[in-house]
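Read off the chains here:
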Amino acid sequence: MQAPPEPRHIVAQQFLALCLQEHKVGNRLWAEHWNGLPPFDRGAEPIVRHLVEHGYVEQDGEFLFIGPAAEEKFGRRHFMDMTAVFTAPPEFTVLSGRQEIGRTDPMLLTERVEGPRVLLLAGRSWQVTWIDWKRRRCFVEPSDRPGKARWYGTAFTGSSFALTRACRDVLLGTGPPVTMTERAVRYLAKARDAATHTVHPGGTVITRDGDDVRWWNWAGHRANAVLTATLSGLTDEKQRFEDEWVRLRPDLTRDMWKAGTADAADRLCLPDIDERALRGLKFNEALPTRLAAATLAARLADLDGALTALTDPIRFTTT
């Protein structure tokens, strides 16, 4: 298993824990406690400066020690909140008044949306009215708008590039390495027939159905989050995407696509996130806002998958 990328919030936590353990730490020597091991090397200096500037760490000459802001924020129960790094999977409880509707993953609450944020849960749509990031609670009210549902298990990254491409392979004719029932065989045949305009063995597909233009790249959620941010001039203004596709602007032409993607592989962007979601990142207060946002964005990104999708051949079709 690969560790989550860019754990800047853990750098802040570990530095505060070091100050708590040693009582005082040399301003020029703290990196030696980790033998200069990244990310605890001198690259962490912006985080240490932030801790000092915001009172989480006090400085007296050449020494650093726990400051009043750290004691106020993390000092309860003998700094229990600061020493407990690992938490439960980031799942939010959805409530309508006092009634629990169900649970949802935070990606549905962090994606940028135009207009109200509407979830699909328990068979109906719910408009989000307020999010308690600290307690992981989401308050909703019934809505007539179409809602959105997604389940990620213990991660908040959607289906991976490998899994989504495997689904594409099956739709293109690869037989799953299992024994299937007659019912499964029938449903698979129907799925393959329904997907004939969205999958092609020669590459990815851009379809047009009226004003609905989609790039069926089968790249997975994290790669499509990167591609939506990178191709902002080509994507739909609502920035909608799924594991299998990215919605594009309705007036897209072949020439626009060619010009807009010519250098895209060299300028991949991390996806945008809702800054309110930073409240769900433990120890986010101990980080500069831009670094906390970059940490969340990096954990939503699949740069390799996005690059592969960009280099695949493209077919334009009309449904």
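Residues numbered from 1 in each chain as written. Predicted model: local features only at pLDDT ≥ 70, side-chain atom pairs only at ≥ 80, totals over all residues. Heavy atoms only, no water.

Asker: Is there a simple way to explain the nonpolar core in this structure?
Answerer: The nonpolar side chains of a soluble globular protein tend to be buried, and buried together. Among the nonpolar cores identified, the biggest contains 27 residues, and Phe15, Leu16, Trp30, Ile47, Leu51, Tyr56 and Val57 are the most heavily contacted of them. When residues of this core are traced back to their parent elements, those giving at least two are α1 (8-22), α2 (45-53), β3 (63-66), α3 (68-74) and α10 (289-300). Apart from residues lying up to four places away in sequence, Leu51 is in contact with Ala12, Phe15, Leu16, Tyr56, Val57 and Ala286. (Core = buried A, V, L, I, M, F, W, Y, C linked by side-chain atoms within 4.5 Å. Buried < 20%, exposed > 50% of the residue type's maximum accessible area, 1.4 Å probe, protein only. Helix = DSSP H or I, 4+ residues; strand = E, 2+ residues; numbered from the N terminus. Contact = heavy atoms within 4.5 Å.)

Asker: Honestly, the pairing of β3 in this entry has me stumped. Any pointers?
Answerer: Here is the key point about a regular strand: its side chains alternate between the two faces of the sheet. Pairing of strand β1 (residues 25-26) with β3 involves two bridges; the strand directions are antiparallel. Its bridge partner being in β3, Val25 is matched across the sheet by Leu64. Relative to β3, strand β2 (residues 57-60) runs antiparallel, the two sharing four bridges. What sits directly across from Gln59, in β3, is Leu64. (Pairing = 2+ DSSP bridges.)

Asker: Is there a simple way to think about the environment of Trp126 in this case?
Answerer: With respect to the element layout, Trp126 can be found in strand β7 (residues 124-132). Along the primary structure Trp126 and Gly147 are separated by 21 residues, whereas in three dimensions their C-alpha atoms are 6.8 Å apart. Not counting the four nearest positions on each side in its chain, Trp126 is found in contact with Ser96, Ile101, Arg117, Val118, Leu119, Leu121, Val140, Glu141, Pro142 and Ser143. At a separation of 3.5 Å, a polar atom in the side chain of Trp126 contacts the main-chain carbonyl oxygen of Arg124. (Polar contact = N/O pair within 3.5 Å; in protein donor to acceptor, adjacent residues only side chain to side chain.)

The values reported here are purely geometric and, on their own, carry no functional implication.
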